[in-house]
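# Residue-level structural notes
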Amino acid sequence: MTLHKGASPSDRKQSGHPVNPFYGEADPVAGMETAPPRHALPDGPVSPHTAYQFVHDELMLDGNSRLNLATFVTTWMEPQAGVLMAECRDKNMIDKDEYPRTAELEKRCVAMLADLWHAPDPAAAVGCSTTGSSEACMLAGMALKRRWMQSNQDRYPGQARPNLIMGANVQVCWEKFCNFWEVEARLVPMEGDRFHLDAASAAALCDENTIGVVAILGSTFDGSYEPVAEICAALDEVHREHGWDVPVHVDGASGAMIAPFLDPELVWDFRLPRVASINTSGHKYGLVYPGVGWALWRDTEALPEELVFRVNYLGGDMPTFALNFSRPGAQVVAQYYTFLRLGRAGFRAVQQATRDVARSMAERIGALDDFRLLTEGDQLPVFAFTTADHVTAFDVFDVSRRMKERGWLIPAYTFPENREDLSVLRVVCRNGFSLDLADLFLSDLESLLPELRDQPGPMERPESVATAFHH
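Scanning the protein from N- to C-terminus turns up 13 helices and 13 strands. Taking the intrachain contacts of the protein between residues at least 6 apart in sequence as the baseline, contacts between residues at least 24 apart amount to 71%. Carbon and sulfur atoms make up 53% of the accessible area of the protein, which amounts to about 22600 Å² in all.

Laid out in structure tokens, this is it:
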């Protein structure tokens, strides 16, 4: 949640700007009052057309979401999905008694994901929809901490402080979880060309107070998978040597909807007994508009019953495990539509096409003498690259800024502590970003290079822009 300051007194007194009487209203001599103030409620109403036009015109200054190569979030769905979402936007997802069919579709989605992720008994797996992966990660972290608390009642909260092990490349929601729920975040730093968590480092940080290890299936920094099976094997050894039975949560915000279809031989999910829970973002490679996520636990033992609330709400007894309460059912319905619409073969075709675009773009950028690839888009359809060692006239921030002038949104950022010397550009390919659009992107990039090469050096930039880009 972004925090905003309130309006200043001068803002509240602002009378607004004149309305164009010919562009807005059919009658050119009507509606010639000034526009309402921006930071305080207007004194009275305006017509729906006028309200629409004011908001519409402001939003025209946003970037084009189809050209946004920064975000993982879905930017296109079929019209039929949009119609279903419109039909369900007034349904409160939390009110399962009043909207039992919407609740049934949520239940079916959980069952489909349990089957997709090889739960030992899909019927015994438990899960829920969330507003996104951030909430899903919070729920998974809460379950890990509560299971550890139950096993250490003689030491907690008196002497023991719980800790959670993860790579420094984790999404910021995990740092929030540790802050909000008073868990020590043990971050494994990047080292050399290793940009994510490795098994040996994870095992080395474990102790009797470790509530779990977070393994990321698809790092937001470079699109690479973390070695989940190797991490689990190292934790098996820790269990044998020390008796510490450390569970693993797989943050599959993106990769959990890629690997099952494109990398079926990769063992990362509930096939590994140490994997207790998995999350994903339906609104990323689940191909649904924001915001919907999913959290699943392999069985009821992995999700302590005391965390599940049973509420008599709006006419029925309802079990719930969530940080949010009221929210629209539209995105859950859209997720079920997408599962039904595509099936396994359809998802495989869509995700393969997206990976093909990413690998093609990475190969062509890597062939340019000005850049060096860090990843190639062969895991997530995401790749990162930086300027070649001999390039001194410009940096990645210059490239990002100049491409933005052409309408392309491509993030430039520095890596975390221990590799802060490395600044990169990252390209996220999504459904709807075609080879034709990729050609246009490469054409614009190549056309800018002669100007960038002629610069005397990288442009100055405020230090605040050189930060990691996480979403």
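Quick look at the nonpolar core now. Counting residues in hydrophobic clusters, the biggest one holds 64 residues, and the most contacted among them are Trp117, Val213, Val228, Val248, Trp268 and Val275. Here the element with the most residues in this core is helix H11 (residues 330–366); it accounts for nine residues. Sequence-distant contacts of Val275, defined by excluding residues within four places in its chain, comprise Val228, Cys232, Val248, Val250, Trp268, Asp269, Phe270 and Arg298. In terms of nonpolar packing, the next biggest core, distinct from the first, is built from 34 residues, Leu69, Phe394, Phe397 and Leu442 among them.

Turning next to the confidence of the model for the protein. With 88% of its residues at a pLDDT of at least 70, the protein reaches an overall mean of 90. Scored below 50 in pLDDT, residues 466–471 shows 24 contacts in the model against residues more than four places distant or in partner chains.

With mixed pairing, seven strands are arranged side by side in an open sheet as S1-S7-S6-S5-S4-S2-S3. In the strand order of this sheet, the two ends are held by strand S1 (126–130) and strand S3 (184–188), each with one partner. Strand-to-strand twist in this sheet, taken as the mean axis angle between neighbours without regard to direction, amounts to 20 degrees. Helix H5 (residues 100–116) rests against S1 and strand S7 (293–297) of the sheet, and its axis sits at about 60 degrees to S7.

Time to look at the pairing of strand S4 (residues 210–216). Of all the seven residues making up S4, seven are buried; the element is thus mostly covered by neighbouring parts of the structure. With three bridges joining them, strand S2 (residues 163–167) and S4 adopt parallel strand pairing. When the bridges of S4 are listed, Asn163 appears paired with Thr210. Summarising the sheet, S4 and strand S5 (residues 248–251) pair through four bridges and their orientation is parallel. Along S5, the bridge assignment pairs Ile216 with Asp251.

Inspection of every chain in the model, using the stated rule, returns 19 salt bridges. For Asp207, the salt bridge goes to Arg186, with nearest N and O atoms at 2.9 Å. Of the two residues, Asp207 sits in the loop between helix H8 (199–204) and S4 while Arg186 sits in strand S3, which places them 21 residues apart along the sequence. Assigned by exposure class, Asp207 and Arg186 land together as buried. As a salt-bridge pair, Arg274 and Asp245 come within 2.7 Å of each other at their nearest N and O atoms. You can see Arg274 sitting in the loop between helix H10 (259–262) and strand S6 (275–281) and its partner Asp245 sitting in the loop between helix H9 (228–242) and S5, a full 29 residues away along the chain. Relative accessible area serves as the criterion here: at 52%, Asp245 is assigned to the exposed category. Taken together, the salt bridges that share partners define one network made up of Glu184, Arg186 and Asp207.

Here the focus is H5. Each full turn of the α-helix corresponds to 3.6 residues, which orients residues three or four apart in the same direction. Under the 1.5 Å per step criterion, the end-to-end length of H5 is 24 Å for 17 residues, consistent within 8% with the ideal 24 Å. For H5, every residue scored as buried is listed here: Thr102, Ala103, Leu105, Glu106, Cys109, Val110, Leu113, Ala114 and Leu116. Elements that come into contact with the buried residues of H5 comprise S1, H10, S7 and H11. Immediately downstream of H5, the backbone of His118 shows phi near 60 degrees, a positive value.

Counted according to the given criterion, the structure contains 17 aromatic pairs. With 5.5 Å between their ring centres and 25 degrees between their planes, Phe177 and Trp181 make a pair best called stacked. Under the relative-accessibility criterion, Phe177 is labelled buried at 0%. Under the relative-accessibility criterion, Trp181 is labelled partly exposed at 24%. Seen in terms of ring centroids, Phe261 and Phe347 are 5.0 Å apart; in terms of plane orientation they differ by 10 degrees. Their pairing is stacked. One end of the pair, Phe261, is in helix H10; the other, Phe347, is in helix H11, and 86 residues separate them in sequence. What makes Phe261 buried here is its relative accessible area of 6%. In textbook terms, an aromatic cluster arises when at least three aromatic residues are bridged by ring pairs, as seen for Trp174, Phe177, Phe180 and Trp181.

A cis amide bond links Tyr156 to the next residue, Pro157, at an omega of 10 degrees. Here the amide bond leading from Pro290 into Gly291 is cis, since omega sits at 5 degrees, within 30 degrees of zero. Tracing the backbone through its elements, the reader meets Gly291 in the loop between S6 and S7. Phi is positive for His118, close to 60 degrees, though the residue is something other than glycine. Locating His118 in the fold gives a position in the loop between H5 and S1. Note on His118: relative accessible area 38%, which makes it partly exposed. A positive phi angle, near 70 degrees, is found at Leu287, a position not held by glycine. Mapped onto the fold, Leu287 is located in the loop between S6 and S7.

So, on to the sheet that holds strand S13 (residues 423–428). Strand order in the open sheet formed by four strands is S10-S11-S13-S12, with antiparallel pairing between adjacent strands. The sheet terminates laterally at strand S10 (371–373) and strand S12 (412–414), the two strands that pair on one side only. Strand-to-strand twist across the sheet, computed as the mean angle between neighbouring axes with direction ignored, equals 40 degrees. Alignment of S12 against S13, held across three bridges, turns out to be antiparallel. Pairing of Thr414 across the sheet is with Ser423, part of S13. Contacts from H11 reach S10, strand S11 (382–387) and S13, with the element oriented near 10 degrees to S11.

Parameters at a glance
- Residues numbered from 1 in each chain as written.
- Predicted model: local features only at pLDDT ≥ 70, side-chain atom pairs only at ≥ 80, totals over all residues.
- Heavy atoms only, no water.
- Helix = DSSP H or I, 4+ residues; strand = E, 2+ residues; numbered from the N terminus.
- Contact = heavy atoms within 4.5 Å.
- Areas by Shrake-Rupley, 256 points an atom, 1.4 Å probe, with all protein chains shown as cover.
- Core = buried A, V, L, I, M, F, W, Y, C linked by side-chain atoms within 4.5 Å.
- Buried < 20%, exposed > 50% of the residue type's maximum accessible area, 1.4 Å probe, protein only.
- pLDDT = per-residue confidence, 0-100.
- Pairing = 2+ DSSP bridges.
- Axes fitted to C-alpha atoms, helices over the stretch in contact; angles between N-to-C directions.
- Salt bridge = Lys/Arg side-chain N within 4 Å of Asp/Glu carboxyl O.
- Expected span 1.5 Å × (residues − 1).
- Phe/Tyr/Trp six-rings, centres within 6.5 Å; stacked < 30°, edge-to-face > 60°.

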